[in-house]
Amino acid sequence: MRWTVLSDNRSNDNSLFTEHGLSIFLQTEQHNILLDTGASNVFIRNTELLGVDLNDVDYVFISHGHCDHAGGLRYLLECNRQAKVIVSPDAMNGKFLSKRGNFHNITTEWPEIDDKRLISIEHTCEVEAGICVIAHIPQIHPMPKGNRNLYVQDTDGNYIHDDFRHELVLYIDGLLFTGCAHSGLENILAACPWPVSTVVGGFHLLDGQETEEEIKALGQKLKVNYPNTLFYTSHCTSDIIFGVMKDVMGEQLHSFRCGTTIMS
């Protein structure tokens, strides 16, 4: 298995483009899967520099309805004519707002998707042999406090706190892709019935939300409860919080950037 970061907030290579978004190209022996599409066409612009051919993508996995993860889907569908799109109907039907700073719209403008290419996920299932999707993650552990700034429109047109029923997590060959992990790392891992060797994605742990003690406690729980699991993060995990968790988790925790490629 090999995965390459196509779009992220950060890069160590000045030739690569960055944005507030996330997209990762995952290659297995059987499949080429695009994990989220970032906010724009940045992931496509970076493929030209990273030697990735998006024509080879056979599945696109969309973790949730926010535009920084699904905004680039329209560009992928323009250049790839066969990839199937895995997504929650709640993501496609939802209207989402954030009040970080001023209220602003974070809803994805969805392109038209042929029914034959759309895989709508409403419950945890195996899409095909080895590709599993976890839906409606039980909230038995604390949710990230940054979620308090995120809203979804209800059936009456009012904006209420988002419960993230539109969030999906993908599991394949021991790798768990969290997207933004709005449901919380502990909840996501508890909902996964399969052995996890690697967790990849955002943790939605932002400055000024959880206390340093809470972050240290989370890192300690992950270290104790998942001692053989590696964690990789960047997008929507602040540098300060990463440093606090790194002090606790050591070599179990790593950061990624645009252009990062990991073989496992």
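Residues numbered from 1 in each chain as written. Predicted model: local features only at pLDDT ≥ 70, side-chain atom pairs only at ≥ 80, totals over all residues. Heavy atoms only, no water.

**Description of the sheet that holds strand β11 (residues 150-153)**
By way of backbone hydrogen bonds, the strands of a sheet pair with one another, either parallel or antiparallel. This is how it is decided: Only strands that DSSP links by at least two bridges are regarded as paired with each other. Counting from the N terminus, the helices are DSSP H or I runs at least four residues long and the strands are E runs at least two residues long.
Strands sit in the order β7-β6-β11-β12 across an open sheet of 4 strands; the sheet is antiparallel. In this open sheet, the two strands that pair with only one neighbour each are β7 (104-105) and β12 (159-161). Here 2 bridges tie strand β6 (residues 96-98) to β7, and the two strands are oriented antiparallel to one another. Across the sheet, residue Leu-97 finds its bridge partner in β7, namely Asn-105.

**Observations regarding the packing of helix α6 (residues 212-225) against helix α7 (residues 239-249)**
For clarity, the cut-off: Geometry is summarised by axes, namely lines fitted to C-alpha atoms with helices restricted to the contacting stretch, and by angles between N-to-C directions that run from 0 to 180 degrees. Put simply, angles under 35 degrees are roughly parallel, angles over 145 are roughly antiparallel, angles from 65 to 115 are roughly perpendicular, and the rest are oblique. By definition, any crossing whose near helix is turned counterclockwise from its far helix by less than a right angle is left-handed, and any crossing with a clockwise turn is right-handed. Throughout, a contact is declared for two residues whenever any of their heavy atoms are within 4.5 Å. Three classes are used, and their members are as follows: Ala, Val, Leu, Ile, Met, Phe, Trp, Tyr, Cys and Pro are nonpolar, Asp, Glu, Lys and Arg are charged, and the others, Gly among them, are polar.
Where α6 meets α7, the axes come as close as 8 Å, and the angle between the chain directions of the two elements is 45 degrees. Judged on the interaxial angle alone, α7 and α6 are oblique. Between α6 and α7 lies a crossing whose hand is right-handed. Residues Glu-212, Ile-215, Lys-216, Leu-218, Gly-219, Gln-220, Leu-222 and Lys-223 of α6 touch α7, and the partners they reach there are Ile-241, Val-244, Met-245, Val-248 and Met-249. Each residue belonging to the contact of α6 with α7 can be placed in one class, and the counts come to 8 nonpolar, 2 polar and 3 charged.

**Concerning the pattern of salt bridges**
Here is the rule: A pairing counts as a salt bridge when a side-chain nitrogen of Lys or Arg comes within 4 Å of a carboxyl oxygen of Asp or Glu. Exposure is judged per residue with a 1.4 Å probe applied to protein chains only, and the accessible area is read against the type maximum: over 50% gives exposed, under 20% gives buried, and values in between give partly exposed.
Overall, the coordinates contain 7 salt bridges when judged by the stated rule. Here Glu-186 makes a salt bridge to Lys-221, at a shortest N to O gap of 4.0 Å. Here Glu-186, found in helix α5 (residues 185-191), pairs with Lys-221, found in helix α6; they are 35 residues apart in sequence, far enough to count as distant. Given the relative accessible area of 39%, Lys-221 is considered partly exposed.

**What about the nonpolar core?**
Heads up, the rule is: The criterion is simple. A nonpolar core is a set of buried Ala, Val, Leu, Ile, Met, Phe, Trp, Tyr and Cys residues joined through side-chain atoms within 4.5 Å.
Counting 26 residues, the largest nonpolar core has Leu-176, Val-199, Phe-203, Leu-222, Phe-231 and Met-245 as the members making the most contacts within it. Going through the elements one at a time, β10 (131-135), β13 (168-172), α5, α6 and α7 are the ones with two or more residues in this core. Considering every element that reaches this core, the biggest residue donor is α7, with 6 residues. Dropping the residues within four chain positions of it, Phe-231 is found in contact with Leu-189, Val-199, Phe-203, Leu-222, Tyr-226, Met-249, Gln-252, Leu-253 and His-254. Counting residues in each nonpolar core, the second largest holds 24 residues, with Ile-119, Ile-172, Leu-175 and Tyr-232 among its members.

**Observations regarding α7**
How we decide: What the arc measures is the spread of directions leading from the helix axis to the C-beta atoms.
For α7, every residue scored as buried is listed here: Ile-241, Phe-242, Val-244, Met-245, Val-248 and Met-249. With its buried residues spanning 160 degrees around the axis, α7 presents them on a single face. Exposed and facing more than 90 degrees away from the buried side of α7 are Asp-239, Ile-240 and Asp-247. Packing partners of the buried residues in α7 comprise α6, β16 (230-233) and β17 (253-255).

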